[in-house]
Amino acid sequence: MSSLQLRITFAILLAVVVVAALVGTATYQRLEEQSQADFNNTVQAVREAVTSRLERDAGSLNERVDALRKHQVIRRLSQDLQEGAWDTRVTIRRRTKQDLKQLMVGASLDALWVLDAQDSNRVIGAPHRLGDVGLPAEIAAYVLRGMESFVIARESLVRHGRPIELVTVESGVRAGRLILVGGRVVGTRVASDLQAGIPSKPHIEVRDGGGELLAETPVLSDYSTTQTAEVVHHNPGAAEPALVVALQVSREQLDAQLRDLSWTLLYITSVGGILGLLLGRLLATRITAKLQVLVSAARSIGAGDRDVQLPAADEDEVGELVHAFDRMRHELDENDARLRRAERVAAWQDIARELAHEIKNPLTPIQMAMETLRRAHQRRHERFDELFTESTETILEEVARLSKIVSEFSQFARMPSPQPRAYSLNDVVHSVAVLYRDGHIELSESLGDDVGDIRIDPERMTQVIQNLVLNAVQATAGVERKGRIRLVTERIAPDRVQLLVSDNGPGISDADMPRVFTPYFTAKAGGTGLGLAIAHRIVDGHGGRIGVRSTPGEGTTFLIQLPG
């Protein structure tokens, strides 16, 4: 599977997974939000139920205490207190306590306070308590506020002859000279009633302001994971809570839903992933099959085959790409033709200019030698024979130089095209290295085992390598250190090999680097400047590339890359 197919398949698979993740996340959030909303509704329901229950209890208390106001015991006690007789008659006080206890029990009250209306801190009777006790602060504040609504108080009640501390709901009325405050214990029935009124059946605990447990409901569900909240009731004007109702709602059902959702999403994601892989592979294969044709055609064109034909394409984006590719191929053919013509003209213009310059140089000494001979002959110079010999030698040397220039130019102009065949590049390199290996130069070889046979013209490639090695030999001859030349072959790609020819000579200046392969450019005395131009032409004829890199003072490396 190609990298493009992998990317397309992965993209489709990723899309499936992302969609499943988004759906799962949204569903999770929705369930969590719904659970939180249900819990908030439950808390609100408990808050309303607590308030309603306390108000209902207060209303019932108010009716009972109001009924006591009309009782003859209360009316008589109010009259005695008004007349001042209650303080002086001990028998009245004893009888009062007994009578008040009977009234409290008869009215189904757990607590009863009888207070002096003119001095609310004065306790006339408290039959639910032992001995003389002070008035609780909650009840004192309640009376001072005019007995609005009800009050939650911590009471010390008598049970089986001994006092116990309990929390009561109390409500009061005024009866002549008296204030009556009656209360009922906040008991287990309160928690049960609260739980019964809520569909989710939360676990409820009723605590006093100090945190002491007053009542709780049975555990009906798994409360290993819960949501908890508290409904706090304050007496009016009090900073500390008077009654706290704590509730726990089990997340068992929500957790089960989330587990089911997880498995469902995992199943959907797995099935979607498999379908995504299959669909992605199918789409990727169809898309890349069309693109592969373009890739093959591009490679053929890159290799020089401009006659490649593309199959008819569909009327889609790939089809438009095929049509554009065909147009580009035709434009490349036209541009190459124009470029080749322009390059040939420019190249031959440069060569003609350089050749004219090279030919003109020997003509000057020939002309001067001839003019010297002519003047010496006319004057019958006594050293004419000596001048004749020197002048003719100069003429012959320059003619030889002209002959060499014309011969190399003829060779360059008539150079045949390479005739490549399967041949070992390593063998060509080694055969050249043997010729130049002597004691004056350290020449080493590093021939890659994976280079193998490639399609080259051995004679032409030998000429290239000999030229490069000879240049390296001549370059290292002018340095004080011992000359070193290194030949390296290596495979740099499945279809490409590389040859490196390195030396430790003086290097090439930055100014000369762009002209290295230009015909007739040379930095050596007596050189023609055609060697590297011929090497460049041979390598180019093999479909390869030749380049150079150099560091002045350190050395030069020529790089040849060939198809293989």
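Everything that follows concerns the structure shown earlier in this document.
Residues numbered from 1 in each chain as written. Predicted model: local features only at pLDDT ≥ 70, side-chain atom pairs only at ≥ 80, totals over all residues. Heavy atoms only, no water.

Engineer: In this structure, what is going on with the overall build of the chain? I would like to understand it.
Structural biologist: Counting secondary structure elements, the chain contains 11 helices and 16 strands. Here the chain holds 564 residues, and 39% of them are scored as buried. When the accessible area of the chain is evaluated, it comes to approximately 32,100 Å², of which 53% is carbon and sulfur surface. (Helix = DSSP H or I, 4+ residues; strand = E, 2+ residues; numbered from the N terminus. Buried < 20%, exposed > 50% of the residue type's maximum accessible area, 1.4 Å probe, protein only. Areas by Shrake-Rupley, 256 points an atom, 1.4 Å probe, with all protein chains shown as cover.)

Engineer: Could you clarify how one ought to interpret unusual backbone geometry in this entry?
Structural biologist: Leaving glycine aside, a negative phi is the common case for residues, and trans is the common case for peptide bonds. For Ser108, which is not glycine, the phi torsion reads 55° and is therefore positive. For Ser108, the location among the structural elements is in the loop between helix H3 (90-106) and strand S1 (111-116). The backbone of Met147 shows a phi angle near 55°, a positive value even though the residue is not glycine. With respect to the helices and strands, the residue Met147 is situated in the loop between helix H4 (137-144) and strand S3 (151-159).

Engineer: Mind showing me how you'd approach H4 here?
Structural biologist: When H4 is considered as a whole, its buried residues turn out to be Ile139, Ala140, Tyr142 and Val143. The buried residues of H4 occupy an angular sector of 160° when projected down its axis, which confines them to one face. Among the exposed residues of H4, those oriented more than 90 degrees off its buried face are Ala137 and Leu144. The inward-facing, buried residues of H4 abut S1, strand S2 (119-125), S3, strand S4 (162-175) and strand S5 (178-185). Of the residues flanking the end of H4, it is Gly146, one or two places downstream, whose phi is positive at about 85°. (Arc of directions from axis to C-beta. Contact = heavy atoms within 4.5 Å.)

Engineer: Before we go on, may I ask you to explain the pairing of S4 in this structure?
Structural biologist: In regular strands, side chains alternate between the two faces of the sheet. In the sheet, S3 pairs with S4 via nine bridges, with the strands oriented antiparallel. Note that in S4 the partner of Arg159 across the bridge is Arg162. Hairpin connection, S3 to S4: the antiparallel pair is bridged by two residues, and His160 has positive phi, about 55°. Here S4 pairs with S5 via eight bridges, running antiparallel. Bridge pairing in S5 places Val173 opposite Leu180. Two successive antiparallel strands, S4 and S5, enclose a turn made up of two residues, where Gly176 displays a positive phi of approximately 65°. (Pairing = 2+ DSSP bridges.)

Engineer: Mind showing me how you'd approach the sheet that holds strand S11 (residues 441-447) here?
Structural biologist: A sheet is described by the order of its strands in space; here five strands give the open sequence S11-S13-S14-S16-S15, paired in mixed fashion. Among the strands making up the open sheet, the edge pair consists of S11 and strand S15 (545-551). Sheet twist, expressed as the mean angle between neighbouring strand axes with direction ignored, is 15°. By the bridge criterion, seven bridges tie S11 to strand S13 (residues 483-493) in an arrangement that is parallel. In the strand pairing of S13, Leu447 is matched with Thr489. Contacts from helix H10 (residues 458-476) reach S11, S13, strand S14 (496-503) and strand S16 (555-563), with the element oriented near 140° to S13. (Axes fitted to C-alpha atoms, helices over the stretch in contact; angles between N-to-C directions.)

Engineer: So what exactly am I meant to see when it comes to the packing of helix H9 (residues 425-436) against H10 here?
Structural biologist: Think of two packed helices as two axes; the pair is described by the angle between the axes and how far apart they sit. Direction vectors running N to C along H9 and H10 enclose 40°, while the axes themselves pass 10 Å from each other. Here H9 lies oblique to H10, going by the angle between them. Between H9 and H10 lies a crossing whose hand is right-handed. Residues Leu425, Val428, Val429, Val432, Leu435 and Tyr436 of H9 touch H10, and the partners they reach there are Pro458, Met461, Thr462, Ile465, Gln466, Val469, Leu470 and Val473. Per-class residue counts for the contact of H9 with H10 are 12 nonpolar, two polar and no charged. (Parallel < 35°, antiparallel > 145°, perpendicular 65-115°, else oblique. Left-handed = near helix turned anticlockwise from the far one by under 90°. Nonpolar A, V, L, I, M, F, W, Y, C, P; charged D, E, K, R; others polar.)

Engineer: Would you mind showing me how to read the pattern of salt bridges here?
Structural biologist: Opposite charge on two side chains lets them pair, provided their charged atoms get close. This model, assessed by the stated rule, comprises 12 salt bridges. Note that Asp116 and Arg177 form a salt bridge whose closest N and O atoms lie 2.9 Å from each other. Taken together, the residues Asp116 in strand S1 and Arg177 in the loop between S4 and S5 connect sequence positions 61 residues apart. With respect to burial, Asp116 and Arg177 carry one shared label: buried. (Salt bridge = Lys/Arg side-chain N within 4 Å of Asp/Glu carboxyl O.)

Engineer: Can you help me understand the packing of aromatic side chains in this one?
Structural biologist: One pair of aromatic rings is described through two measures. These are the centre distance and the angle between the planes. Tallied over the entire structure, the rule returns one aromatic pair. Relative to Phe558, the ring of Phe517 has its centre 6.2 Å away and its plane inclined at 80°; by these criteria the two rings are edge-to-face. Taken as a pair, Phe517 in the loop between S14 and helix H11 (531-541) and Phe558 in strand S16 lie far apart in primary sequence, 41 residues in all. With respect to class, Phe517 is no different from Phe558; both count as buried. (Phe/Tyr/Trp six-rings, centres within 6.5 Å; stacked < 30°, edge-to-face > 60°.)

Engineer: Help me understand the side chain of His128 in this model?
Structural biologist: Residue position: His128 is located in the loop between S2 and H4. Looking at His128, its side chain comes within polar contact range of the main-chain nitrogen of Leu112, at 3.0 Å. In contact with His128, not counting residues within four places along its chain, are Met104, Asp110, Ala111, Leu112, Trp113, Glu155, Ser156, Leu157 and Val158. (Polar contact = N/O pair within 3.5 Å; in protein donor to acceptor, adjacent residues only side chain to side chain.)

Engineer: How do you make sense of the sheet that holds S5 when you look at a structure like this?
Structural biologist: In sheet architecture, strand pairing relies on hydrogen bonds along the backbone and comes in two forms, parallel and antiparallel. Here we have five strands laid out as an open sheet, ordered S2-S1-S5-S4-S3, and antiparallel in their pairing. Here the strands that pair on one side only, and so sit at the sheet edges, are S2 and S3. Averaged over neighbouring strand pairs, the angle between their axes works out to 45° when direction is ignored. In this fold helix H2 (residues 72-83) packs onto S1, S2, S4 and S5, with an angle of close to 140° to the strand it touches most, S5. Across the sheet, H4 touches S1, S2, S3, S4 and S5, and the angle it forms with S3 is around 130°.

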